[in-house]
Amino acid sequence: MTSGGQVARKSLSLQKAWFLTKGRLRSLGIVIGLIIMILFLALKSEAFLKPANLLNILRQSSVVGIMAVGMTFVLIVGGFDLSVGSAMGLAGGLAVGLLPKIGLGPSLLVALLMGIVAGMVNGLLVVKLNVNAFVATLGIMNILRGILLMYSGGKTMFSPDRSFALIGSGYLGPIPIPVVIFTVVTLCSAFILHRTRFGRYIYAVGGNEEASIFSGIDAGFYKAASFAIVGLLAALSGVVLASRLQSVAPMAGSGYELDAIAAAVIGGTSISGGQGSIWQTVAGVFVLGVINNGFNILNVNEYIQLVFKGAIVVAAVALDTYSKRKT
Amino acid sequence: MVEGFTVNMDRPLLEIVQVSKYFPGVKALDKVGFSVQKGEIHGLAGENGAGKSTLIKILAGVYPKDSGQIFFHGTPVDFRKPFQALSQGISVIYQELNLVPQLDVISNIFLGREYYGFLRRLDNLKMLQEYETICDSVGFHFPPHRLVRDLSIAEQQMVEILKAISFNAELIIMDEPTSSLTERETGQLYKVIKKLKAQGKTIIFISHFIDELIELSDRITVLRDGRYVGTVDSRKTSKQEIIGMMVGREINDIFEYSERPRGEVFLSVKNLSKQGLFRDISFEVRKGEVLGLAGLVGAGRTEVAKAIFGLHHYDAGEITVGGKRLVPGKAGQAIKAGIGLLPEDRKRYGLVMGLSLAKNLTLANLRAVSPLGVIQAKKERDAALQMMKALSIKTPGLHQIVRYLSGGNQQKVVFGKWLLKDCELLILDEPTRGIDVGAKLEVYRLIDELARSGKAIILISCELPEILGLSDRILVMNQGRITAQFSRAEASQEKIMAAALSVV
Ligand SMILES: Nc1ncnc2c1ncn2[C@@H]1O[C@H](COP(=O)(O)OP(=O)(O)OP(=O)(O)O)[C@@H](O)[C@H]1O
Ligand SMILES: [Mg+2]
């Protein structure tokens with residue numbers, strides 16, 4: 001009896017400890033995973049921890065990172081956006097195509113505006129016409145891609161402009177410009193999402209739209225605004241990519257929407273809305289970035305990379321659902 | 001505990017021995033033990049967050065217990081899934097309603113145990129017949145094919161009761177089944193419970209209405225802060241004793257009304273009609289006044305409230321606020337005009353379950369803590385803390401996710417949220433559903449204070465004493481129409497019931 005009691009008490013306190021940590025486990029898990037990966041790669045390859053390589057990872061992560069940060073808004077508000085990859089391609093195409101005609105500033109402006117407008121169209125479809133976000137953005141994805149194909153005539157567009165190329169390839173001191181842009185976008189977004197009324201309403205609408213309406217929140221506005229934000233950031237990432245490559249292929253950006261969603265989801269943002277954070281998404285972006293970079297360093301075949309990335313996304317979501325069901 | 005027990009016919013039907021349960025930061029149950037005899041109605045009382053629901057969820061296999069033992073029929077049981085408890089003869093009505101909103105009433109009742117006919121086609125006729133039998137025995141009659149999402153909370157509660165009874169279980173546990181029912185339905189439920197008892201069934205009944213517990217049950221067990229306080233014989237106890245056991249001190253549960261100054265008319269509703277929901281509704285509410293809306297379940301009170309708040313269109317009539325006419329069906333406009341609606345359905349309309357206590361409390365009035373759009377953490381914390389204290393919300397902290405609060409504490413958050421909201425007219429639809437005796441009195445004081453500060457208040461409640469105690473004027477609705485109007489002095493329980501029940 002006594003020893004049994006002791007065992008029971010011990011397992012009890014263990015259980016309590018487990019309960020207490022479980023809530024944070026999710027965001028902690030991803031950081032631990034990231035650290036383990038970094039340690040593993042550092043042991044495997046000397047090149048990995050070199051500052052140049054680390055900066056390289058940051059730069060490679062920036063393009064998808066900018067978009068993933070935007071995607072976080074849409075996912076938290078309870079939406080979904082498949083059109084961002086096409087918006088990214090079209091933004092790059094517009095910037096490159098218009099640059100010789102109207103100059104650098106205006107062409108960038110047009111590209112970014114296009115992103116906002118595309119996002120707003122998504123938002124209106126979802127909010128006003130009640131089209132399912134998946135379907136609406138699938139349609140817009142095809143429309144935007146079609147526009148880029150028509151605009152480019154199906155051919156890769158090149159930009160020889162030196163100052164345009166700086167956006168993707170330049171440095172601010174030792175830091176690549178895309179990293180600077182990504183950092184600024186992240187900081188601004190985190191501030192908006194976590195510190196402002198606007199951000200709080202995004203969580204509320206995603207968590208329970210009906211309750212938000214009863215609380216006096218114009219739910220439709222916040223949904224539409226989230227789509228506009230991801231549209232803008234998708235266009236921005238498109239410009240960075242185009243500038244880095246100094247060209248825009250007809251299928252540029254395609255597939256990025258899935259990477260962005262994957263990054264957010266790996267970070268712990270819920271597909272069903274109301275949950276997640278910018279920091280978690282950024283962690284997810286780095287996980288993907290480290291995997292890409294590490295596999296390249298280790299010379300792992302690209303097909304295996306894909307399998308691995310897919311598995312990580314599924315594992316992250318499964319872990320998430322599991323821990324939710326248990327509490 | 002003796003190891004190697006023998007099955008003993010004299011043992012109680014259910015024995016709970018030293019059961020403990022932890023949640024992060026909360027000891028929900030601390031070595032609770034008592035037993036329930038076969039064939040008795042066993043009342044369970046305790047303040048909000050005392051551990052009542054947790055205990056029955058453990059009995060039903062929703063949560064695993066951390067330690068302790070449970071004996072059913074003298075045999076130790078440890079259910080890990082609700083269907084295990086059900087198959088052993090334990091059926092539960094949970095405090096949070098758990099129906100599938102997209103399905104109709106009858107599909108919900110037979111969910112998971114549908115009757116099949118030839119070629120595994122659903123045998124709808126058989127289910128319908130059985131449904132009618134259950135309805136007859138209980139005395140609730142629902143169109144079997146109404147969708148659950150269109151039902152009010154009280155109606156959903158009644159469907160849950162039908163469902164729990166239809167299992168023909170030996171032990172039926174009811175977690176606050178009457179919290180949203182009006183007099184008539186409550187009376188029907190009592191009859192059903194007594195009938196079940198006569199058939200030899202055992203009932204565990206949780207309620208915050210102490211009178212009800214004393215009247216209905218044979219014995220009452222009281223929990224406080226997750227601990228067992230005692231079990232008393234209902235015939236030999238008093239309301240004061242039970243409350244004393246619950247709270248650990250004497251409290252007065254009677255709200256003292258005193259005259260309030262009344263201002264000008266704030267809201268006026270004229271000849272409002274909507275097909276099938278309400279007809280020819282006309283009334284006014286003044287600033288500083290509490291207008292009570294009484295009536296049975298389904299009388300149309302919530303529907304009128306939603307129309308005023310702009311969530312329903314209406315076919316005819318008009319609503320004016322401060323002389324200005326409101327456009328039908330525009331919630332945004334009603335909000336701008338200073339109207340707030342505390343909804344009866346806290347899970348669906350009242351709370352964002354995944355957000356914290358503090359974030360929910362400030363959600364309806366976020367502007368006050370975020371001038372310039374940036375949330376000021378300190379202001380938000382202060383506002384939330386003030387409500388948490390005023391309503392004695394039991395929680396490990398302001399950051400606790402609302403989903404993990406007990407039902408009554410969730411309701412306190414809903415009330416606190418609308419209390420923080422700064423509006424001129426507050427429509428309170430069942431503001432105290434599930435709130436315990438002591439906290440209820442505090443809620444009454446706060447409503448009184450609001451009215452005194454010049455707000456207009458419409459109070460909808462299934463509890464007549466609550467309406468009688470707080471209101472300056474009382475309207476009675478019956479089948480979508482206003483059938484009587486009383487001043488505070490004229491009103492009485494009998495008169496209101498007569499007007500609520502009369503055939504129109
Ligand atoms: N899933 C959960 N996670 C964390 N804490 C919980 C959970 N469920 C209940 N609690 C906590 O356990 C305590 C007991 O809750 P319980 O729901 O049993 O109270 P109750 O007696 O039913 O109260 P009420 O009268 O308000 O329904 C409360 O402090 C509550 O916050
Ligand atoms: Mg409860």
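Each residue is numbered by its place in its chain's sequence as written, counting from 1. Both sets of labels track the order of writing: A upward for chains, 1 upward for ligands. Two thresholds apply to this predicted model, a pLDDT of at least 70 for residue-level local features and 80 or more for giving and counting side-chain atom pairs, whereas whole-chain, interface and lining totals are computed over all residues. Each side-chain value is derived from all of the structure's non-hydrogen atoms; neither hydrogens nor water enter the calculation.

Peer 1: Mind showing me how you'd approach the sheet that holds strand β4 (residues 67-72) of chain B here?
Peer 2: Sheet strands pair by backbone hydrogen bonding; their relative direction is either parallel or antiparallel. All names here are of chain B. Taken together, four strands build an open sheet; the order of strands is β2-β1-β4-β5 and the sheet is antiparallel. Of all strands in the sheet, those bounded by a partner on one side alone are β2 (26-36) and β5 (75-77). For this sheet, the mean inter-axis angle between neighbouring strands, taken without regard to orientation, is 30°. Strands pair, by our definition, only if DSSP identifies at least two bridges between them. Secondary structure elements follow DSSP: runs of H or I no shorter than four residues count as helices, runs of E no shorter than two count as strands, and numbering proceeds from the N terminus. Examined bridge by bridge, β4 and β5 share three bridges and lie antiparallel to one another. Across the sheet, residue F71 finds its bridge partner in β5, namely P76. Each axis is a line fitted through C-alpha atoms, taken for helices only over the stretch in contact, and angles between the N-to-C directions span 0 to 180 degrees.

Peer 1: I'm lost on the domain arrangement of chain B in this one. Help?
Peer 2: As a measure of interface size, the accessible area lost when the parts come together is often cited. All names here are of chain B. Taken domain by domain, chain B holds domain 1 (14-246) and domain 2 (265-500). Domain extents, as shown, originate in an automatic or database domain assignment. Each of domain 1 and domain 2 has a C-alpha centre, and these two points are 28 Å apart. It only takes one pair of heavy atoms within 4.5 Å for two residues to be counted as in contact. Each partner contributes to the interface: domain 1 provides 30 residues, whereas domain 2 provides 28 residues. Looking only at domain 1, the three residues that lose the most surface to domain 2 are N48, I153 and E183, adding up to 27% of its buried area. For this analysis, a salt bridge means a side-chain nitrogen from Lys or Arg found within 4 Å of a carboxyl oxygen belonging to Asp or Glu. Taken together, the connections running from domain 1 to domain 2 amount to one salt bridge. The quantity reported as buried area is the accessible area (1.4 Å probe) lost by two parts once they are put together, taken as the sum for both.

Peer 1: I tried to follow the interface of chain B and chain A on my own but got confused; where do I start?
Peer 2: The partner chain A presents 24 residues to the 33 residues of chain B that form the contact. Taken together, both faces of the contact between chain B and chain A bury some 2600 Å²; the carbon and sulfur share is 64%. Considering only the side of chain B, the residues that lose the most area to chain A are B:Y22, B:Y349 and B:L363, jointly responsible for 19% of the buried surface there. Where chain B meets chain A, there are two salt bridges. A salt bridge links A:E210 to B:R348, with the nearest nitrogen and oxygen atoms 3.1 Å apart. Any pair of nitrogen or oxygen atoms within 3.5 Å is treated as a polar contact; in protein, a donor-acceptor pairing is required on top of that, and neighbouring residues in sequence qualify only through side-chain atoms on both sides. Applying the counting rule to chain B against chain A returns nine residue pairs in polar contact (both at pLDDT 80 or more). Where the side of chain B that touches chain A is concerned, the elements lending two or more residues are α11 (346-350), α12 (357-363) and α14 (407-420) of chain B. Sort the elements by how many residues they give to the side of chain B that touches chain A and α11(B) lands first, with four residues.

Peer 1: Is there a simple way to explain the site of ligand 1 in this structure?
Peer 2: Residues and elements named next belong to chain B. If even one non-hydrogen atom of a residue comes within 4 Å of a molecule or strand, that residue is called near it. In the vicinity of ligand 1 there are 22 residues, among which K52, S53, T54, S406 and G408 approach most closely. The side chain of T54 places a nitrogen or oxygen atom 2.5 Å from an oxygen atom of ligand 1. Computed with the Shrake-Rupley method and a 1.4 Å probe, the accessible areas treat only the protein chains shown as cover for residues. Bound to the protein, ligand 1 loses 95% of the 630 Å² it would expose on its own. Only β2, α1 (52-59) and α14 provide two or more residues apiece to the shell around ligand 1. The nonpolar class holds Ala, Val, Leu, Ile, Met, Phe, Trp, Tyr, Cys and Pro. Asp, Glu, Lys and Arg form the charged class, and all remaining residues, Gly among them, are polar. For the shell around ligand 1, the per-class residue count stands at seven nonpolar, 11 polar and four charged. Shared between two domains, the shell around ligand 1 holds at least three residues of each, these being domain 1 (14-246) and domain 2 (265-500).

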